[in-house]
Amino acid sequence: MQRNGGGVGVGGQPWVLRRVRLTWLSFMLFFILVFFPLIAHYYLTTIDEAGGPDKRMFGPRPGGELCEAKHVQDLCRIRESVSEELLQLEAKRQELNGEIARLNLRIEACKRSIDSAKQDLLQLKNVISQTEHSYKELMAQNQPKLSLPVRLLPDKDDPGLPPPKSSRSCRLRSCFDYARCPLTSGFPVYVYDTSSYSWGDYLDPLVKQAFAASVKSNIYVTDNPSIACLYLVLVGELQESSSPQPSPAELEKQLKALPYWRSDGHNHVLVHLSRKSMTQNFLYNVSAGRAAVAQSTFLEQQYREGFDLVVSPLVHALSEPNFLEVPPQVPVKRKYLFTFQGERVESLRSSLQEAPPQSFEEEMEGDPPADYDDRIIGTLKAVQDSHLDQVLVEFTCKNPRSSLPTEWALCGEREDRLEVLKTSTFALVIAAGDGQLVASAGCGMRLFEALEVGAIPVVLGDHSRLPYHQFIRWSEAAIIVPKPRVTELHFLLRSLSDNDMLAMRRQGRFLWETYFSTSENVLNTILASIRTSIQVPAAPIKEEPAHEIPHKAGKLAGTDANLADNGDLDLGPVETEPPYASPRYLRNFTYTASDIYRAWNRAPGPFHLFPHTPLDPVLPSEAKFLGSGTGFRPIGGGTGGSGKEFQAALGGNVPREQFTVVMLTYEREEVLMNSLERLNGLPYLNKVVVVWNSPKPPSDDLLWPDIGLPIVVVRTEKNSLNNRFLPWDAVETEAILSIDDDAHLRHDEIMFGFRVWREARDRIVGFPGRYHAWDVNHQSWLYNSNYSCELSMVLTGAAFFHKYYAYLYSYVMPQAIRDMVDEYINCEDIAMNFLVSHITRKPPIKVTSRWTFRCPGCPQALSHDDSHFHERHKCINFFVKVYGYMPLLYTQFRVDSVLFKTRLPHDKTKCFKFI
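What counts, and at which threshold
Residues numbered from 1 in each chain as written. Predicted model: local features only at pLDDT ≥ 70, side-chain atom pairs only at ≥ 80, totals over all residues. Heavy atoms only, no water. UniProt positions renumbered as here; feature names shortened; annotations may be inferred. Pairing = 2+ DSSP bridges. Helix = DSSP H or I, 4+ residues; strand = E, 2+ residues; numbered from the N terminus. Axes fitted to C-alpha atoms, helices over the stretch in contact; angles between N-to-C directions. Contact = heavy atoms within 4.5 Å. Expected span 1.5 Å × (residues − 1). Buried < 20%, exposed > 50% of the residue type's maximum accessible area, 1.4 Å probe, protein only. Core = buried A, V, L, I, M, F, W, Y, C linked by side-chain atoms within 4.5 Å. Disulfide = S-S within 2.5 Å.

Naming follows an unreviewed UniProt entry, where the chain appears as Exostosin-like 3 of Acanthochromis polyacanthus. Turning to the chain, the UniProt annotation filed under Catalytic activity (unreviewed entry) states: "3-O-(beta-D-GlcA-(1->3)-beta-D-Gal-(1->3)-beta-D-Gal-(1->4)-beta-D-Xyl)-L-seryl-[protein] + UDP-N-acetyl-alpha-D-glucosamine = 3-O-(alpha-D-GlcNAc-(1->4)-beta-D-GlcA-(1->3)-beta-D-Gal-(1->3)-beta-D-Gal-(1->4)-beta-D-Xyl)-L-seryl-[protein] + UDP + H(+)". According to its UniProt record, the chain has this under Cofactor (unreviewed entry): "Mn(2+)".

A.B. asks: Would you take a moment to explain the sheet that holds strand β14 (residues 479–481) for this structure?
C.D. replies: Strand-to-strand pairing in sheets goes through backbone hydrogen bonds, with the strands running parallel or antiparallel. A sheet is described by the order of its strands in space; here five strands give the open sequence β9-β7-β11-β13-β14, paired in parallel fashion. The strands lining the two open edges of the sheet, one partner per strand, are β9 (392–394) and β14. Geometrically, the sheet is characterised by an average inter-axis angle of 20° between neighbouring strands, direction not taken into account. With five bridges joining them, strand β11 (residues 424–430) and strand β13 (residues 456–460) adopt parallel strand pairing. By the bridge assignment for β13, Phe426 is matched with Ile456. Sitting on the sheet, helix α9 (residues 441–453) is in contact with β7 (336–341), β11 and β13, with an inclination near 170° to β11.

A.B. asks: What is the right way to look at helix α12 (residues 519–533) in this model?
C.D. replies: Residues spaced three or four apart along an α-helix face the same direction, because each turn holds 3.6 residues. For α12, with 15 residues, the first-to-last C-alpha span of 21 Å sits near the 21 Å given by 1.5 Å per residue. Of all 15 residues that make up α12, 13 are buried, and the element is covered over most of its length. Just past α12, the residue Gln535 takes up positive phi, approximately 65°.

A.B. asks: Would you explain the pairing of strand β20 (residues 711–715) in this entry?
C.D. replies: With respect to burial, β20 is a largely interior element, four of its five residues being buried. Strand direction decides the pairing type here: strand β15 (residues 547–548) and β20, joined by two bridges, are antiparallel. When the bridges of β20 are listed, Glu548 appears paired with Val714.

A.B. asks: I would appreciate a short explanation of the nonpolar core in the present structure.
C.D. replies: Across soluble globular proteins, nonpolar side chains have a tendency to be buried as a group. One finds Phe187, Leu230, Leu232, Leu270, Leu273, Phe516 and Ile526 to be the most contacted residues of the largest nonpolar core, which totals 81 residues. Residue contributions to this core peak at six residues, all from strand β2 (residues 230–236). Look past the residues within four positions of Leu232 in its chain and what remains in contact with it is Val189, Tyr190, Val191, Tyr192, Phe211, Val269, Val271, Leu523 and Leu527. Core analysis: the second largest hydrophobic core is formed by 50 residues, Phe801, Tyr809, Val836 and Tyr885 among them.

A.B. asks: I would appreciate a short explanation of the sheet that holds β15 in the present structure.
C.D. replies: Strand order in the open sheet made by the nine strands is β15-β20-β18-β17-β21-β26-β22-β27-β28, with mixed pairing throughout. At either end of the open sheet lies a strand with only one pairing partner, and these are β15 and β28 (894–895). Strand direction decides the pairing type here: strand β21 (residues 735–740) and strand β26 (residues 798–802), joined by five bridges, are antiparallel. Directly across from Ile739, in β26, lies its bridge partner Ala798. In this fold helix α18 (residues 747–759) packs onto β17 (659–665), β21, β22 (765–766), β26, β27 (845–847) and β28, with an angle of close to 30° to the strand it touches most, β26.

A.B. asks: I would appreciate a short explanation of the side chain of Thr660 in the present structure.
C.D. replies: Residue position: Thr660 is located in strand β17. The exposure class assigned to Thr660 is buried, which follows from its relative accessible area of 0%. If we ignore the near neighbours within four places in the chain, the residues touching Thr660 are Asn686, Lys687, Val689, Val731, Glu732, Thr733, Ala735, Ile736 and Leu737.

A.B. asks: Can you help me understand the state of the cysteines in this one?
C.D. replies: What is meant by a disulfide is a covalent connection between two cysteines, made through their sulfur atoms. Using the criterion set out here, one finds four disulfides in the structure. In this model, Cys170 is linked to Cys175 through a disulfide, with the two sulfur atoms separated by 1.9 Å. Given an S-S torsion of about -80°, the disulfide between Cys170 and Cys175 has left-handed geometry. Neither residue differs from the other here; Cys170 and Cys175 are each classed as buried. Paired by a disulfide, Cys397 and Cys411 hold their sulfur atoms 1.4 Å apart. Placement of Cys397 in the loop between β9 and β10 (408–409) and of Cys411 in the loop between β10 and α8 (414–421) is noted, with a sequence separation of 14 residues between them.

A.B. asks: Explain the side chain of Ser403 to me, please; I cannot follow it from the model alone.
C.D. replies: Within the secondary structure, Ser403 sits in the loop between β9 and β10. Classification of Ser403 by relative accessible area gives buried; the value is 13%. Setting aside anything within four residues of it in sequence, one finds Ser403 in contact with Met278, Val345, Trp408 and Ala409.

So this is what it looks like as structure tokens:
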């Protein structure tokens, strides 16, 4: 037991020693490995800091001394090699990044090229489709495109016509030589000089002077008698003189002595213009042969229906009517319901009892007419005494004018009669008591004065022939009743509504202005009546020659992203072919009888105001009126196009059409160039006509943008805002986009407006809306430009209109309006709105909700001047006086694009909605 225990103790001592040794050895190793490096590092650092920079042993040394050591040089070379490789890799990386960027740009450019090519392909397909459609239409119609007709003129005299039974039975078919008036002759008219025949010395000097002035300005008059279709001879009115006048036999002899009378006087017209109510009918006993007679007084046995012509009296011989003195057409009802002032001339029978028949009045024989005049006097006096309405009837005159037997003489002076008529709603015109006097200068004078001041004529006597009755539907401007119905006259007049009376008054004003008011209108009406009867088209109205200013085209214009960014919406093809003008001369000679009646007898509308040829019966869609051969076309929707077809084609009844931009500018070259650049890429644009309104020409170094279409710069004679609406011959399309040089419109807005105009071609379609208002305090009209849901005008600074209205504005609209535009240098847009509303009786159409369209940063326009609005107030009130009423009409209708830029699936219908 003990030895075992001792063995353990003895035997355990080496194990303890070994453990102590291991612990000491571990401690020493730890000390050597941990503390010795720290002590060495501290020691070395202390030595390095104690010495200067030159004595450092371990720090960086200048001049690369460290690398002098052989074992370090290898490391330096490795470092330099690695740095060089890194620099090379960085350069390669940057080069690869640049190449990637260039490739990305090329990819984007390729994508754009592909999209552009797709658009071009779609447009080419669209053009091809439209061309094929037009070709099929032409083939189906078998109607070639017409050009200006060749003028045909007679080359020799007609050998002679078969004589009629008597000169009293003359009609156009038997007494007129159609061979001298081909359809394409242009209707040349030769007028005899009054000094070439002896009785010209007896003519009224005022009539001769007025007739000569009218002949000088007439477009049909020719100096070459050998090509003439018609020959005019002025035979009256004769002046009042104590010297003996030529007898009927002598007058007949002198007629036959005319150089181109050709034995029977065919194609001659004897014109007798009356200035007095008592006019000489000395042609009654003169054999006129085959010559037609145009005068105001006719007996029934003298008048040849359809051959002779009843004309209006010549009241304003050399003076122009003063529109400011013409009373307004409203209010409709005036002080008196009707008026009549006249004195009955001694009856025919009593005046002929003492002497045998000698003159034309004395040869009026037959049964005496029913004496309705006494019944008329009694009935009208009874109405006046009843005091149901205010009427004025006077059957005796202090100073009666000379008149024919059985006719009611005019009372007093013309100025006094007009003052009474200005207060009359209706004016009675009582026909002559004897039915054989079918037309007289006295009745014509009463009719003229009533129409002049807006009194609705009431003609008692349905046997009377009113002026130009073959062509004018007088029932739209006058009330014609038989004399036996005089007892019902009061009831008839009271039964008419205000709208009916206003329509008749407006029609009467139109007839007076167009056919009766001046000597020029009277002559034009006579010629137009004859030309219409023989079915010769009227001569084309003149166009304003565009004297182009040479200019240099600069770089290709870019496209403003703000104006032309339409996404993938196809607004329409940008024409790659030459500009397409509107078709001309489509209906020159194919008018019908219905067209004749429609043109002569409608109220003032798009078929009525015919300058130079006031009775032209042909619709204005014909070349002879519009000059350019264009006019209103039938309007309506398309052929059911939807989806892409709607966007890619115009559709409608005129599937191929373009428009012309007319831009007025004045010495704002930079603004103008920017506006022209914005038109680049605009679909359906034919050309741009820049009206250079400044006397100073453009700068010589000015570079005009190249927009891929003609830019015609027109020189004007003077600075006038009326130049905006001149019918320039450079405009070859029906559609005109009138736009200011500082207007800012997007392409989609312009295209939208163009599509809307095609559905309403007779109206102004545009963007900036305005309206007029009545000032109760000052009893006058005001111009208002405030934002409103209601409007009555669309300013022509950004609007579409038909070229037809350019002719009317420049040649037909009263000159007083254009003069005021020049005086104020303002209001031309208001004047155009007045004109179109007066013609159509429709308001303009506003598209989109935008109210102003001025470009940002443009110079200040004239419209910002304080006097601008005061001048426009004055313009509106002046225009109302000229027209006689307020033609502007209010509307709350506005056209907005609902689905115009919306892309729907092809199985869905794309539509064009109006709100």
